[in-house]
Amino acid sequence: MSFSIEEDERVAFDRRVRGSVNMIEIERIQEWVEVMGTTLTPEILVRENQGEKDNRIVIFLIPGNPGNDGFYTDFGRRLIRNLIAREDRLGHRRVQFLFYTISHLNHVLLPTELRCSESHKVNERFSLLEQVQHKLDFVKEYLPRGNRVYMFGHGAGAYMLLSILPYIKDDFNLRKAVCLFPTIEKMSESPHGIRLRKVVSTLRQNDWLARTLTFWVDLMPESFKRRLISMKMASDQTSPELVETISELLHMQVFRNIVHLCNDELDKVCKLIPHCNVMRLKIASCNCKYIHPVQIGSLDESLLFHKNLVYFYYGVNDGWCPIEHGEAMSQKLTRGHVVIDKDNVEHSFVFRDAATMAEKVLQFIV
C-alpha cells in the first residue's frame, strides 16, 4: 500500500524576493507501510490531535479505479498552492496543509522488499469490500487527526468513503466528506458500465487472457514503455509522474486487480436502499470492525443524511454517474450539498482538468 502526502513547509521567506506562491516548494513523500502493525515516526505525521497547538489541516482522498495514488500528484500540488495563496490573501494565520491519498491494494506494484510480506501477496486480487476495509484500517491507524480534516472520494472512491464514514466520523474533527463524480449507484446501467461490462467480464472469466495481454508489456524496458505512453498522450497531459503511473497500470498483477475490482463494482454498486432494509455485515478483520452493506450493491440511504458532512460534485457529461443521478441526489440532501459542474470537467479530471478541479474543491475546504 502506498500513500503520498503533499505538505506546505511554510518556512519563513521574504515574499518580495520569492514573488509568487508558484515558487513555494511542495514536497511529495511516498511511503510503503503495512496498514496494521507499523508506526510512522516523523513529527509531521503524528496521529494524535495536539489541541490548540495543532495547525494541521488534513485532506484525505480515496481514488477511483484504477486506484493509483500517482494520478493525484499534480492535483494535490495545485490544491495546496491554491490553499496557501488563499490563506495569504485573507491574511490568516499560518497553517500546515497535508494532502493524503492511498492506493488500492495491488493497484500499484509491491516493491521487492515487501513481496515476502505476510499481509498480502503480489498476485492476490481484492474485492470492493476488501478495498473498503483497507481504507478503514488505514484511516484509523495512520491518518492524523489534525485541527480540521476534509475527506474526498473520487468515482468509486466515493462509495468507499460513504461506506467507512459511520465508523470514522466521531474519531476526527471531520468538517466535510465530499464525493467527486460519485460512482455510488447503478454503475452497470451507466453508459460506460454498459460498454465495459462484456469486456471486463470476459477478462475476469478468462484470467489467462488478461495475463497474456499484459505479459508482453511486462517484458518491455520501462524506458521504452514510458516513451510509448508519452507519444500517445496529449502535450498538456504529459508529465513524468503521470507517465510513470500509467506505466504501472500495465503490469500484469496490477491490471488483473483493476479488472477484478471493476467487475466487482459493476456487480455490487447498484441502487441506494432505505435504511430500514439494511443490516450490518461483520468482516473478517482485526478488531472485529463492521461495514455496510450486507445487501450486495446497496448503500444505506442513511449514510447520505449526515447533513453537515456529506457533499456531492457531479459532472454534466459523466459516463459513470449521469447528471440524472445528481438531480435526484439534490432532492435527497440539504440545499447546497449537491454541486453540478458547469465547466464540462471530465470524470477522470486528473488528466486534463487537474488545475480546474484544484480550484473547484476550494469551496469545500474552509
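Here the structure is a predicted model, which means the values were calculated and not measured.

### Description of the overall build of the protein chain
Link 1 in the chain: Helix and strand content of the protein chain: 12 helices and 10 strands.
Link 2 in the chain: Evaluated residue by residue, the protein chain yields a buried proportion of 53% over its 366 residues.
Link 3 in the chain: At a minimum sequence separation of 6, the contacts of the protein chain that also span at least 24 residues come to 80%.
Link 4 in the chain: When the accessible surface of the protein chain is totalled, it reaches about 17000 Å², and 52% of it is carbon and sulfur.

### A look at the environment of D343
Link 1 in the chain: Within the secondary structure, D343 sits in the loop between β10 (338–340) and α11 (349–352).
Link 2 in the chain: Sequence separation between D343 and D353 is 10 residues, and the spatial gap between their C-alpha atoms is 9.8 Å.

### With respect to empty space enclosed by the protein
Left-over empty space is what a probe sized like a water molecule reveals as it rolls over the atoms.
Link 1 in the chain: Scanning the model with the defined rule gives one cavity of 30 Å³ or more in all.
Link 2 in the chain: Roughly 30 Å³ of volume is contained in the largest cavity.
Link 3 in the chain: In this structure, the largest cavity is lined by R125, L203, R204, D207, A210, R256, V259 and H260.
Link 4 in the chain: Looking at the lining of the largest cavity, the elements with two or more residues in it are α5 (191–205), α6 (207–219) and α9 (252–268).
Link 5 in the chain: Here the lining of the largest cavity gets three residues from one element, more than from any other, and that element is α9.
Link 6 in the chain: Of the residues contributing to the lining of the largest cavity, the split by class is three nonpolar, one polar and four charged.

### Here's the deal with a nonpolar patch on the surface
Link 1 in the chain: A cluster of nonpolar residues, F215, W216 and L219, forms a patch on the protein surface that exposes about 360 Å² of accessible area.
Link 2 in the chain: The residue W216 is located in helix α6 in this model.

### Some details on the packing of α5 against α9
Link 1 in the chain: Where α5 meets α9, the closest approach of the two axes is 9 Å, and the angle between their N-to-C directions is 125°. Taken together, α5 and α9 sit at an angle that is classed as oblique. For the element pair α5 and α9, the recorded crossing hand is left-handed. In contact with G193, R197, V200, S201, L203 and R204 of α5, α9 contributes F255, V259, H260, C262, N263, D264, L266 and D267.
Link 2 in the chain: Broken down by class, the residue content of the contact of α5 with α9 amounts to six nonpolar, four polar and four charged.

### Regarding the side chain of S127
Link 1 in the chain: Take S127: it is sitting in the loop between β4 (96–102) and α3 (128–142).
Link 2 in the chain: Once you skip the residues sitting within four places of it in the chain, S127 turns out to touch H260, L261, D264 and K268.

### Description of the pairing of strand β5 (residues 148–154)
Link 1 in the chain: When you tally the buried positions in β5, you get seven out of seven residues, the bulk of the element.
Link 2 in the chain: Neither face of β5 is left uncovered, since the one carrying R148, Y150, F152 and H154 and the one carrying V149, M151 and G153 both have all their residues buried.
Link 3 in the chain: Both strand β3 (residues 56–62) and β5 contribute to a ladder of six bridges, which runs parallel. Bridging across to β5, I59 finds its partner in Y150.
Link 4 in the chain: Bridge count between β5 and strand β6 (residues 174–180): six bridges; the pairing is parallel. Residue pairing for β6: H154 is matched across the bridge by L180.

### Details of the confidence of the model for the protein chain
Link 1 in the chain: Of the residues in the protein chain, 74% reach a pLDDT of 70 or more, and the chain-wide mean stands at 78.
Link 2 in the chain: Scored below 50 in pLDDT, residues 34–41 shows 22 contacts in the model against residues more than four places distant or in partner chains.

### Brief notes about the packing of aromatic side chains
Link 1 in the chain: Under the criterion given, the structure shown has 10 aromatic pairs.
Link 2 in the chain: An angle of 65° between the planes, with centres 5.9 Å apart, marks the rings of Y311 and F364 as edge-to-face. Taken as a pair, Y311 in strand β9 (residues 310–314) and F364 in the segment after α12 (354–360) lie far apart in primary sequence, 53 residues in all.
Link 3 in the chain: With a centroid separation of 6.0 Å and an interplanar angle of 20°, the aromatic rings of F312 and Y314 are classed as stacked.
Link 4 in the chain: According to the relative accessible area criterion, F312 is buried, its value standing at 0%.
Link 5 in the chain: Of the residues examined, Y314 reaches a relative accessible area of 0% and is grouped as buried.
Link 6 in the chain: The ring of F172 is capped by R145, whose NZ or CZ atom sits 4.2 Å from the centre of that ring.

### A closer look at the packing of α6 against α9
Link 1 in the chain: Put simply, α6 and α9 touch, their axes get as near as 8 Å, and they point 145° apart. Our pair here, α6 against α9, has a crossing hand that is right-handed. Each of D207, A210, R211, T214, F215 and D218 in α6 lies in contact with α9, whose residues at this interface are M252, Q253, F255 and R256.
Link 2 in the chain: Residues that form the contact of α6 with α9 fall into these classes: four nonpolar, two polar and four charged.

Calculation rules
Residues numbered from 1 in each chain as written. Predicted model: local features only at pLDDT ≥ 70, side-chain atom pairs only at ≥ 80, totals over all residues. Heavy atoms only, no water. Helix = DSSP H or I, 4+ residues; strand = E, 2+ residues; numbered from the N terminus. Buried < 20%, exposed > 50% of the residue type's maximum accessible area, 1.4 Å probe, protein only. Contact = heavy atoms within 4.5 Å. Areas by Shrake-Rupley, 256 points an atom, 1.4 Å probe, with all protein chains shown as cover. 1 Å grid on protein atoms, 1.4 Å probe; cavity = no way out; pocket = protein on both sides within 12 Å on 5 of 7 lines; lining within 4 Å. Points joined across faces, edges and corners; volume = space filled by probe spheres on them. Nonpolar A, V, L, I, M, F, W, Y, C, P; charged D, E, K, R; others polar. Patch = residues over 30% accessible without salt bridge, like charges linked within 9 Å, V, L, I, M, F, W, Y side chains within 5 Å. Salt bridge = Lys/Arg side-chain N within 4 Å of Asp/Glu carboxyl O. Axes fitted to C-alpha atoms, helices over the stretch in contact; angles between N-to-C directions. Parallel < 35°, antiparallel > 145°, perpendicular 65-115°, else oblique. Left-handed = near helix turned anticlockwise from the far one by under 90°. Pairing = 2+ DSSP bridges. pLDDT = per-residue confidence, 0-100. Phe/Tyr/Trp six-rings, centres within 6.5 Å; stacked < 30°, edge-to-face > 60°. Lys NZ or Arg CZ within 6 Å of the ring centre and 35° of its normal.

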